[in-house]
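This is what each chain is made of:
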Amino acid sequence: MPLGDEFEIIKVIKKTLGKPSKNVLLGIGDDAAVLAPARGKMVVTVDSMVEGVHFDLHYTTAAELGHKALAVSLSDCAAMGARPMYALVSLGLKQELGQHFITSLYEGMKRLAKQHKVDIVGGNIVQSPTALIVDVTVIGETKKKALTRGGARPGDIIAVTGDLGGSAAGLNCLRRLGRDKLGTRPEIVARHLRPTPRIKEADALVGLGAATSAIDISDGLSSDIHHLAEQSRVGMGVEQAQLPISKTTIAAAELIQSSANVWALYGGEDYELLLTITPKKFKAAQAALRRLKTPLTAIGEVLPAEEGVKLKTLNGEWADLQPRGWNHFVRRRQGP
Ligand SMILES: [Mg+2]
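In short, a report on the structure. Sequence positions are assigned chain by chain, starting from 1 and proceeding in written order. Given that this is a predicted model, residues contribute local features only at a pLDDT of at least 70 and side-chain atom pairs are listed and counted only at 80 or more, while totals for whole chains, interfaces and linings are drawn from all residues. By convention in this description, side-chain values take in all heavy atoms of the structure and omit both hydrogens and water.

### Overview of the overall build of the protein
Then step 1. Per the convention used, a helix needs a DSSP run of H or I reaching at least four residues, while a strand needs a run of E reaching at least two, with both numbered from the N terminus. Counting secondary structure elements, the protein contains 10 helices and 15 strands.
Then step 2. Scaling as 2.2 N^0.38, a compact globule of 336 residues should have a C-alpha radius of gyration of about 20 Å, and the protein matches this with 20 Å.
Then step 3. Considering only C-alpha atoms, the protein reaches an extent of 60 × 50 × 35 Å along its principal axes.
Then step 4. Residues counted as buried form 51% of the 336 residues belonging to the protein.
Then step 5. Counting contacts in the protein only where the partners sit at least 6 residues apart, residues at least 24 apart contribute 83% of the total. Radius of gyration means the value over C-alpha atoms here, while the globule rule gives 2.2 Å times the residue count to the 0.38 power. Note on classification: 1.4 Å probe, protein chains only; a residue is buried when its accessible area is under 20% of the maximum for its type, exposed when over 50%, partly exposed between these limits. Pairs of residues are marked as contacts when any of their non-hydrogen atoms sit within 4.5 Å.

Written out as structure tokens, the structure reads:
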């Protein structure tokens with residue numbers, strides 16, 4: 001079915017999403033949504049995905065795009081230690097997309113939204129001549145003090161959730177081999193196409209008061225750790241040998257003769273949390289995440305500011321860790 005006009009598209013979206021929770025006093029279909037307020041402080045974030053910059057429809061399905069567009073904004077919410085409540089979705093649609101595409105896009109979003117009890121409460125639709133744009137705003141709440149990039153102190157443990165380089169593994173394999181050839185290895189592309197926002201993990205860590213600062217890894221560890229260092233006015237010492245890398249990522253690197261270590265440092269879009277944690281609470285933090293089946297790995301230590309951001313390489317030498325990875329204003333991947 002062709003796309004139809006804006007009102008028809010909204011009908012399709014409303015039908016796909018179904019009934020919202022009782023927090024939504026007035027949902028999709030009016031000039032604005034009416035929502036029950038947050039019980040703590042409100043945390044608001046927005047992120048855009050642009051075709052040709054952030055995704056490629058040659059190897060991304062509509063449902064995967066829906067999942068990922070919501071996941072990246074939920075991930076920012078997690079990085080603030082907030083629980084997401086509502087999402088608004090703004091679309092720039094190309095005329096050639098059909099109604100089936102819209103249904104699948106919202107089904108992908110809805111599945112993830114349900115997992116985290118998030119209501120999709122509205123948005124906007126415009127026509128975009130060449131590139132599809134999906135822009136998601138998330139509103140969350142936190143009853144405690146929000147986690148920021150600014151609280152790390154020398155002596156804190158630097159830690160990451162999950163593992164690193166998995167998204168770059170998927171992206172590089174998709175670009176090199178195409179999706180058809182990877183049909184028997186869905187685990188290689190899963191992390192890139194359907195990232196997991198670490199909402200529950202952030203919630204558990206906030207509950208313990210364990211984290212002193214946090215950021216989600218979107219540009220790559222080497223870049224994002226500089227944001228923590230700058231905002232906290234500290235140095236960082238990371239040990240390459242400690243970086244958690246999955247067997248799948250290592251297998252993907254072997255498949256296309258690439259380097260999992262490089263992906264772990266410089267590959268973006270892992271959407272893991274990079275945190276600094278008070279040493280005396282680290283064991284409790286690890287145990288709390290183990291209950292969620294998510295590893296929490298110590299990868300280094302916060303240093304005084306004058307030490308800068310450093311990496312202990314695999315041969316045991318310390319070197320400056322350069323921020324390389326995705327930079328939107330250069331619009332290309334820098335470095336390896
Ligand atoms: Mg972020």
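From this point on, the discussion continues.
### Considerations on the pairing of strand β6 (residues 133-142)
Then step 1. With nine of 10 residues buried, β6 lies mostly within the body of the structure.
Then step 2. Between any two strands, at least two bridges found by DSSP are needed for them to pair. Relative to β6, strand β3 (residues 41-50) runs antiparallel, the two sharing 10 bridges. Looking across to β6, one finds that S48 is bridged to D135.
Then step 3. Sheet topology note: the strand β4 (residues 83-93)/β6 ladder contains nine bridges and is antiparallel. Pairing of R83 across the sheet is with E141, part of β6.

### Some points on the coordination of the magnesium ion
Then step 1. Sodium, potassium and calcium take a 3.2 Å donor cutoff, other metals 2.8 Å, and in both cases only N, O and S atoms count; water is not among them, so sites may look incomplete. The protein atoms donating to the magnesium ion are D76 (OD) and D216 (OD), with metal-donor distances spanning 2.1 Å. Here D76, found in helix α2 (residues 62-79), pairs with D216, found in strand β8 (residues 211-216); they are 140 residues apart in sequence, far enough to count as distant.

### Re the pairing of β4
Then step 1. Taken across its 11 residues, β4 has eight buried, putting it largely inside the fold.
Then step 2. Relative to strand β5 (residues 119-127), β4 runs parallel, the two being bridged by eight bridges. What sits directly across from L91, in β5, is I125.
Then step 3. For the crossover that starts at β4, traverses helix α3 (residues 99-115) and ends in the parallel β5, the hand is right-handed. Handedness of a crossover is defined as follows: orient the strands so they point away from the viewer, and if the path from the first strand over the helix to the second runs clockwise, the crossover is right-handed.

### Points about the sheet that holds strand β12 (residues 309-312)
Then step 1. The mixed open sheet is built from seven strands, whose spatial order is β8-β10-β7-β11-β9-β12-β13. Single-partner strands in this sheet number two, and they are β8 and β13 (318-320). Taken pair by pair, the neighbouring strands of this sheet meet at an average axis angle of 30 degrees, ignoring direction.
Then step 2. Bridging between strand β7 (residues 157-161) and strand β10 (residues 273-277) involves four bridges; their strand directions are antiparallel. Across the sheet, I157 pairs through a bridge with I277, a residue of β10.
Then step 3. Along the sheet, α2 makes contact with β8 and β10, crossing β8 at roughly 165 degrees. To define axes, lines are fitted to C-alpha atoms, for helices over the stretch in contact only, and angles between the resulting N-to-C directions are given on a 0 to 180 degree scale.

### Quick notes on the packing of helix α6 (residues 199-208) against helix α10 (residues 282-291)
For any two helices packed against each other, the geometry is given by the interaxial angle and the distance between the axes.
Then step 1. Following both chains from N to C, one finds α6 and α10 inclined at 145 degrees, their axes separated by 10 Å at the closest point. Pair α6 / α10 crosses with right-handed handedness. The residues of α10 that touch α6, namely those facing E201, A204, L205 and L208, are A284, A285, A288 and L289.
Then step 2. Of the residues contributing to the contact of α6 with α10, the split by class is seven nonpolar, no polar and one charged. In a left-handed crossing the near helix is turned counterclockwise from the far helix by less than a right angle, and in a right-handed crossing that turn is clockwise. Under the scheme applied, nonpolar residues are Ala, Val, Leu, Ile, Met, Phe, Trp, Tyr, Cys and Pro; charged residues are Asp, Glu, Lys and Arg; polar residues are all the others, including Gly.

### Structural notes on the environment of L25
Then step 1. On the secondary structure map, L25 appears in strand β1 (residues 24-26).
Then step 2. Taking relative accessible area as the criterion, L25 reaches 58% and is therefore assigned exposed.
Then step 3. Counting along the chain gives 62 residues from L25 to A87, while the straight-line C-alpha distance between them is 14 Å.
Then step 4. Each residue touching L25, except ones within four places of it in the same chain, is listed here: V34, L35 and A36.

### Quick notes on the packing of helix α4 (residues 166-181) against helix α5 (residues 186-193)
Then step 1. Across the interface, α4 lies against α5 with an axial gap of 7 Å and an inter-helix angle of 120 degrees. Both α4 and α5 take part in a crossing whose hand is left-handed. Residues G166, S167, A169, G170, L171, C173, L174 and R179 of α4 form the contact with α5, whose participating residues are I188, V189, R191, H192 and L193.
Then step 2. Of the residues belonging to the contact of α4 with α5, the class tally is seven nonpolar, four polar and two charged.

### As for a nonpolar patch on the surface
Then step 1. Taken together, the side chains of L25, L26 and V34 define a hydrophobic patch exposed on the protein surface, amounting to about 250 Å² of accessible area.
Then step 2. Looking at where L26 falls in the secondary structure, it is placed in strand β1.
Then step 3. Looking at L26, the relative accessible area reads 36%, which means it is partly exposed. Patch definition: residues with relative accessible area over 30% and no salt bridge; like charges joined within 9 Å; nonpolar side chains (Val, Leu, Ile, Met, Phe, Trp, Tyr) joined within 5 Å. Per-residue and other accessible areas follow the Shrake-Rupley method at a 1.4 Å probe size, with only the shown protein chains counted as cover for residues. Any carboxyl oxygen of Asp or Glu within 4 Å of a side-chain nitrogen of Lys or Arg constitutes a salt bridge here.

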